[in-house]
Amino acid sequence: MDAASNPPAARVDVVLPCLDEAGALPWVLGRMPAGYRPIVVDNGSADGSADLARALGAYVVEEPVRGFGAACHAGLLAATAPVVCFCDCDASLDPDELPRVADPVLGGDADLVLGRRRPASRRAWPPHARLANRVLARRLRARTGARLYDLGPMRAARRADLLGLGLADRRSGYPLEMVVRAASASWRIEEADVRYLPRTGRSKVTGTVRGTITAVRDMSAVLARV
């Protein structure tokens, strides 16, 4: 794992899983709020994303094991701030809105806050992906009792508490496992509205039917075993 030495202290660390996101990185990193340190976890990009992120001032972690969960967890392990956010690196979520999910955690009013996506346009959230999310959210509510309506990737929690959950999935089920284990630990879980924008570049997961099916399969496996 290669990372910049002596990273600056931050109030909040932001884990940004990255796979070929050179087209989105300038906008994403340029929208980072003050006091929020971006940790770009490069998951095998072939478009120079890692070098670009470094040039733009991000703290870069190289994670050779492919998988959304592998990238997220590598970022969590690299984080040092007391609160950690997760955010997609494809410009579909605006980092300027990260305080909406982080502030309740920083203030001690919640243990885990998820960004409930509000599409800015019809192109932002394909119907197949929205339907899959709705079904999984319904199953999650039935399983945990948490009043959640979106499994959105923008979220915030305390770093030490996240590490204590013992998250094991390293594929698309990682975000769901986080919520299930947090609910089992009686965490206070909330949602906050965030804008959902058309992503920059080619989608690897929910923007394609195949990717959505894979994500649903991974998440269903998590629900079956956790």
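See the structure printed just above.
Scoring rules and cut-offs
- Residues numbered from 1 in each chain as written.
- Predicted model: local features only at pLDDT ≥ 70, side-chain atom pairs only at ≥ 80, totals over all residues.
- Heavy atoms only, no water.
- Phe/Tyr/Trp six-rings, centres within 6.5 Å; stacked < 30°, edge-to-face > 60°.
- Helix = DSSP H or I, 4+ residues; strand = E, 2+ residues; numbered from the N terminus.
- Lys NZ or Arg CZ within 6 Å of the ring centre and 35° of its normal.
- Pairing = 2+ DSSP bridges.
- Axes fitted to C-alpha atoms, helices over the stretch in contact; angles between N-to-C directions.
- Contact = heavy atoms within 4.5 Å.
- Buried < 20%, exposed > 50% of the residue type's maximum accessible area, 1.4 Å probe, protein only.
- Arc of directions from axis to C-beta.
- Polar contact = N/O pair within 3.5 Å; in protein donor to acceptor, adjacent residues only side chain to side chain.
- Salt bridge = Lys/Arg side-chain N within 4 Å of Asp/Glu carboxyl O.
- Right-handed = clockwise from strand over helix to strand, strands pointing away.

**Digging into the packing of aromatic side chains**
Item 1. Evaluation of the coordinates by the stated rule reveals two aromatic pairs.
Item 2. Taking the centre distance of 5.3 Å and the plane angle of 75° together, the rings of Trp 125 and Tyr 196 count as edge-to-face. Of the two residues, Trp 125 sits in the loop between strand E5 (112–119) and helix H5 (127–144) while Tyr 196 sits in strand E7 (residues 189–196), which places them 71 residues apart along the sequence.
Item 3. One cation-aromatic arrangement involves Arg 117 over Tyr 196; the distance from NZ or CZ to the ring centre is 4.9 Å.

**Here's the deal with the sheet that holds E5**
Item 1. Reading across from one edge, E3-E2-E1-E4-E6-E5-E7 is the order of the seven strands in this open sheet, with mixed pairing throughout. Because the sheet does not close on itself, it has two edges, and the strands there are strand E3 (59–62) and E7. Here the average twist between neighbouring strands, direction ignored, is 25°.
Item 2. The pairing of E5 with E7 spans eight bridges and is parallel. What sits directly across from Val 113, in E7, is Glu 190.
Item 3. Contacts from helix H3 (residues 68–78) reach strand E1 (12–18), strand E2 (36–42), E3 and strand E4 (83–86) within the one sheet, and its direction differs from that of E1 by about 155°.

**Re helix H4 (residues 98–106)**
Item 1. Listing the buried residues of H4 in full gives Leu 98, Val 101, Ala 102, Pro 104 and Val 105. Projected down its long axis, H4 carries its buried residues within an arc of 160°, all on one side.
Item 2. Immediately downstream of H4, the backbone of Gly 108 shows phi near 80°, a positive value.

**Quick notes on the side chain of His 73**
Item 1. Position of His 73 relative to the elements: it lies in helix H3.
Item 2. A residue is classified by how much of its surface remains accessible, and His 73, at 12% relative accessible area, is buried.
Item 3. Here the side chain of His 73 touches Arg 170 through a polar contact of 3.5 Å, side chain to side chain.
Item 4. Those residues in contact with His 73, other than ones at most four positions away along the chain, are Leu 167, Arg 170 and Tyr 174.

**Let's talk about the pattern of salt bridges**
Item 1. Under the defined criterion, the tally for this structure stands at 16 salt bridges.
Item 2. Residue Glu 21 is joined to Arg 199 by a salt bridge in which the shortest nitrogen-to-oxygen separation is 3.3 Å. One end of the pair, Glu 21, is in the loop between E1 and helix H1 (25–30); the other, Arg 199, is in the loop between E7 and helix H8 (209–225), with 178 residues separating them in the sequence.
Item 3. Close ionic contact of Arg 31 with Asp 94 constitutes a salt bridge, the shortest N to O distance being 2.5 Å. Taken together, the residues Arg 31 in the loop between H1 and E2 and Asp 94 in the loop between E4 and H4 connect sequence positions 63 residues apart.
Item 4. For Arg 31, a relative accessible area of 31% puts it in the partly exposed group.
Item 5. For Asp 94, a relative accessible area of 1% corresponds to the buried category.

**A word on the environment of Met 178**
Item 1. Among the secondary structure elements, Met 178 is positioned in helix H7 (residues 174–184).
Item 2. Considering only alpha carbons, one finds Met 178 and Gly 166, 12 residues apart in sequence, at a separation of 9.0 Å.
Item 3. In this structure, Met 178 is in contact with Phe 86, Leu 112, Arg 155, Leu 162, Leu 165 and Leu 167, ignoring residues within four places of it in sequence.

**Points about the pairing of E1**
On a regular strand, each side chain points to the face opposite its neighbour's, so the side chains alternate between the two faces of the sheet.
Item 1. Most of E1 sits inside the fold, with seven of its seven residues counted as buried.
Item 2. Going residue by residue along E1, you find Val 12, Val 14, Leu 16 and Cys 18 tucked away on one face and Asp 13, Val 15 and Pro 17 tucked away on the opposite face as well.
Item 3. Sheet topology places E1 next to E2; seven bridges connect them, and they run parallel. Within E2, the position partnered with Leu 16 by the bridge is Val 40.
Item 4. In this fold, the crossover linking E1 to E2 by way of H1 has right-handed handedness.
Item 5. The pairing of E1 with E4 spans four bridges and is parallel. Among the inter-strand pairings, Val 15 is bridged to a residue of E4, identified as Phe 86.

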